[in-house]
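The chain contents come next:
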Amino acid sequence: MTDFHMPDSFYDPPDEEEPCEHCENAGCYLCDAQMAYDHWADKQIQKQKEEG
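Residues numbered from 1 in each chain as written. Predicted model: local features only at pLDDT ≥ 70, side-chain atom pairs only at ≥ 80, totals over all residues. Heavy atoms only, no water.

Enquirer: Just checking my understanding: could you explain the overall build of the protein chain for this structure?
Expert: Looking only at helices and strands, one finds one helix and zero strands in the protein chain. Per-residue burial over the protein chain gives 8% buried out of 52 residues. (Helix = DSSP H or I, 4+ residues; strand = E, 2+ residues; numbered from the N terminus. Buried < 20%, exposed > 50% of the residue type's maximum accessible area, 1.4 Å probe, protein only.)

Enquirer: Would you mind showing me how to read unusual backbone geometry here?
Expert: Glycine aside, a negative phi is what most residues show, and trans is what most peptide bonds show. The backbone of E24 shows a phi angle near 55°, a positive value even though the residue is not glycine. Take E24: it is sitting in the segment before helix 1 (33–51). Positive phi values are uncommon outside glycine, yet N25 reaches one of about 65°. Tracing the sequence through the fold places N25 in the segment before helix 1.

Enquirer: Explanation requested: the packing of aromatic side chains in the structure shown.
Expert: A ring pair, where both rings are aromatic, is described by two values, the distance of the centres and the angle of the planes. For the coordinates displayed, the defined rule picks out one aromatic pair. Seen in terms of ring centroids, Y37 and W40 are 5.9 Å apart; in terms of plane orientation they differ by 35°. Their pairing is tilted. Of this pair, Y37 and W40 both sit in helix 1, three residues apart, roughly one helical turn. (Phe/Tyr/Trp six-rings, centres within 6.5 Å; stacked < 30°, edge-to-face > 60°.)

Enquirer: Explain a negative patch on the surface here, please?
Expert: Together, D12, D15, E16, E18 and E21 make up a negatively charged patch on the protein surface. Along the chain, E21 falls in the segment before helix 1. (Patch = residues over 30% accessible without salt bridge, like charges linked within 9 Å, V, L, I, M, F, W, Y side chains within 5 Å. Areas by Shrake-Rupley, 256 points an atom, 1.4 Å probe, with all protein chains shown as cover. Salt bridge = Lys/Arg side-chain N within 4 Å of Asp/Glu carboxyl O. Lys, Arg positive; Asp, Glu negative; His and termini not counted. Charge placed at Lys NZ, Arg CZ, Asp CG, Glu CD.)

Enquirer: Looking at this structure, how should I read the state of the cysteines?
Expert: One way to say it: the disulfide is the covalent bond shared by the sulfur atoms of two cysteines. All told, the structure shown has zero disulfides when counted by the stated rule. Not engaged in a disulfide, the cysteine C28 finds its nearest cysteine sulfur in C23; these two sulfurs lie 3.7 Å apart. Given a relative accessible area of 13%, C28 falls into the buried group. (Disulfide = S-S within 2.5 Å.)

Enquirer: Could you clarify how one ought to interpret a nonpolar patch on the surface in this entry?
Expert: The grouping of Y29, L30 and M35 at the surface amounts to a nonpolar patch, some 290 Å² of accessible area in total. Relative to the helices and strands, M35 is located in helix 1. Residue classification places M35 among the partly exposed positions, given a relative accessible area of 39%.

Right, dumping it as structure tokens:
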């Protein structure tokens, strides 16, 4: 049986969420799921009104 040794140069950074580039995680429709749904719903309603 061989002993496995991780090389010293190996580094696996922790998985961290990248901050939103548009609002710096303050909360906008690009990074907040509820705001994204509300934004989409508003667009759908606006589209229906324009179509008559």
